[in-house]
Amino acid sequence: MTAKHTDLFDETLKIAAKHLPLDERQLEILLGASRGQREKLYSLARSCRREYFGDRLFGYGFIYFSTYCRNNCNFCFYRKSNSEALRYRKTKDEVLRTSRALAESGVHLLDLTLGEDPEYVLDDDGYDALLDIAAEMRASTGLPLMISPGVLENEDRARKAADTGIEFYACYQETHNRPLFSRLRQGQDYQTRWDAKTNARKAGMLVEEGILAGVGEELSDIAHSIATMREMRAAQVRVMSFVPQKGVALRRSIEEGLYLRELNTIAVMRVAMPDRFIPASLDVAGKSGLKDRLDAGANIITSLIMPDSGFAGVSNATLDIDSGERSLPGILDTLDECGLQMGSREEFENALLTLARSAAER
Ligand code: SF4
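Description of the structure in this document. On a predicted model such as this, the values are computed, not experimentally measured, just so you know. (Residues numbered from 1 in each chain as written. Predicted model: local features only at pLDDT ≥ 70, side-chain atom pairs only at ≥ 80, totals over all residues. Heavy atoms only, no water.)

### Some details on the site of the ligand
Part 1 of the argument: What surrounds the ligand is the set Cys69, Asn71, Cys73, Phe75, Cys76, Arg79, Gly115 and Arg185.
Part 2 of the argument: Broken down by class, the residue content of the shell around the ligand amounts to four nonpolar, two polar and two charged. (Near = heavy atom within 4 Å. Nonpolar A, V, L, I, M, F, W, Y, C, P; charged D, E, K, R; others polar.)

### Brief notes about the nonpolar core
Most often, soluble globular proteins keep nonpolar side chains buried together rather than apart.
Part 1 of the argument: Ranked by size, the top nonpolar core spans 109 residues in total, and within it Leu41, Leu112, Met137, Ile226, Leu294 and Ile301 carry the most contacts.
Part 2 of the argument: Considering each element in turn, this core owes the most residues, nine residues, to helix H11 (residues 258-272).
Part 3 of the argument: Not counting residues within four places of it along the chain, the set of residues in contact with Ile226 comprises Leu27, Leu31, Thr265, Val268, Met269, Ala272 and Met273.
Part 4 of the argument: Membership of the second largest hydrophobic core comes to 17 residues, among which are Phe53, Tyr60, Ala235 and Ala359. (Core = buried A, V, L, I, M, F, W, Y, C linked by side-chain atoms within 4.5 Å. Buried < 20%, exposed > 50% of the residue type's maximum accessible area, 1.4 Å probe, protein only. Helix = DSSP H or I, 4+ residues; strand = E, 2+ residues; numbered from the N terminus. Contact = heavy atoms within 4.5 Å.)

### Thoughts on helix H6 (residues 124-141)
Part 1 of the argument: The end-to-end C-alpha separation of H6 is 26 Å, in line with the 26 Å expected for 18 residues at 1.5 Å each.
Part 2 of the argument: Taken as a whole, H6 has its buried residues at Gly126, Tyr127, Leu130, Leu131, Ile133, Ala134, Met137 and Thr141. Here the buried residues of H6 occupy an arc of 150° about the axis, which is enough to place them on one side. Exposed residues lying more than 90 degrees from the buried face of H6 are Asp125 and Ala139.
Part 3 of the argument: In this structure Asp123 caps H6, since a side-chain oxygen of it lies 3.3 Å from the backbone nitrogen of Asp125. (Expected span 1.5 Å × (residues − 1). Arc of directions from axis to C-beta. Polar contact = N/O pair within 3.5 Å; in protein donor to acceptor, adjacent residues only side chain to side chain.)

### With respect to unusual backbone geometry
Part 1 of the argument: At His19, a residue that is not glycine, the phi angle is positive and equals roughly 60°.
Part 2 of the argument: Relative to the elements of secondary structure, His19 occurs in the loop between helix H1 (3-17) and helix H2 (24-31).
Part 3 of the argument: Positive phi values are uncommon outside glycine, yet Glu174 reaches one of about 75°.
Part 4 of the argument: On the secondary structure map, Glu174 appears in the loop between strand E4 (168-170) and helix H8 (178-184).
Part 5 of the argument: Looking at Glu174, the relative accessible area reads 4%, which means it is buried.

### Regarding the packing of aromatic side chains
Part 1 of the argument: Taken as a whole, this structure holds 11 aromatic pairs when the rule is applied.
Part 2 of the argument: Relative to Phe277, the ring of Phe53 lies with its centre 5.9 Å away and its plane at 55°, an arrangement referred to as tilted. Of this pair, Phe53 sits in helix H3 (residues 38-53) while Phe277 is found in the loop between H11 and strand E7 (279-281), placing the two residues 224 residues apart along the sequence. This pair shows no difference in class: Phe53 is buried, exactly as Phe277 is.
Part 3 of the argument: Relative to Phe348, the ring of Phe58 lies with its centre 5.1 Å away and its plane at 55°, an arrangement referred to as tilted. Taken together, the positions of Phe58 in strand E1 (residues 56-66) and Phe348 in helix H15 (residues 345-361) put the pair 290 residues apart, joining distant regions of the chain. By the burial criterion, Phe58 is buried, and Phe348 matches it. (Phe/Tyr/Trp six-rings, centres within 6.5 Å; stacked < 30°, edge-to-face > 60°.)

### Points about the side chain of Thr67
Part 1 of the argument: Structurally, Thr67 is set in the loop between E1 and helix H4 (92-105).
Part 2 of the argument: On the basis of relative accessibility, which here comes to 1%, the residue Thr67 falls in the buried class.
Part 3 of the argument: Among the polar contacts made by the side chain of Thr67, one reaches the main-chain carbonyl oxygen of Leu86 at a distance of 2.8 Å.
Part 4 of the argument: Of the polar contacts made by the side chain of Thr67, one reaches the backbone nitrogen of Tyr88; its length is 2.9 Å.
Part 5 of the argument: Contact partners of Thr67, with chain neighbours within four places excluded, come to Tyr78, Leu86, Arg87 and Tyr88.

### Looking at the pairing of strand E6 (residues 236-241)
Part 1 of the argument: Summarising burial for E6: six of the six residues are buried, a large majority.
Part 2 of the argument: Where strand E5 (residues 206-213) meets E6, six bridges bridge the pair, whose relative direction is parallel. Bridging across to E6, Ile211 finds its partner in Val239.
Part 3 of the argument: Regarding topology, helix H10 (residues 219-231) serves as the crossover connection from E5 to the parallel E6, and that connection is right-handed. (Pairing = 2+ DSSP bridges. Right-handed = clockwise from strand over helix to strand, strands pointing away.)

And the structure:
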């Protein structure tokens, strides 16, 4: 690390602290924070989070409803051609039962996720059945909803989801480098996936966008993604390290430093987009990775799963689930350690309203 590089890092951090917009080159400088520099960056990220959210965090219950998928993303355990994948399609009753249990555990939002399961995405009847389940989840818990069913193929589907009262649509590009996208999401069209999010926003939903780390990207790609997510009016922005699983041929493009890359990305996203929701996902490293992600500036805990529910995670299908360490009561001690606490439902609803207002203004 040269003195010149250190000066540049410190100067860029000062610009960030003034909330001046950072260009891609400046984002890249912060993303490259070394072990010695990262505490300065994370400290700024935490102060940005405090400014907008105080010491309050929010938790999302995760319901991986169907693990069938028609696609073959090369990083994904649930890709169609992976014979090792754990496959199931839950019934409406199972989904409603676990929804109520998650609601009772204190989560703020329910995330209904599925692969692009032909049963629910190929025709309108299947899609309507999915929305019917979402509507019943809302009716029986009173909680806000996020759906992650893959690409919503047209404006009509986005409008129907919004009319069902679904607040959030999650659909991750994983990278905003088009050639890399083509390698990761084989056989899928970059623009179609992108347009699904534009349609969701136009229909009045909030959008979550996300990227993967360790899949062949350069730091400049991550900087470009952060600038793109800032511009696209994504209300929630996430990064996750790629976790190789059984039957997945893709290998990590970096091993050494990947953890730091994810944490630095969380911190730079917070600094560049201080008012957005940024997840600390339990799906990557379970409870043991939570503190570091919160210390880097995350304010949403995602992938909370009820123990013994029979539901799976994504990047780690089973990690920490049956021990209860991926349930909301199971992580409260980590929040204490970080000097943070769970917000109330009312605080979450107010935060959602603020997000919706600022997404409309941006
Ligand atoms: S990432 Fe999603 S769309 Fe791609 S194979 Fe996995 S479940 Fe299917």
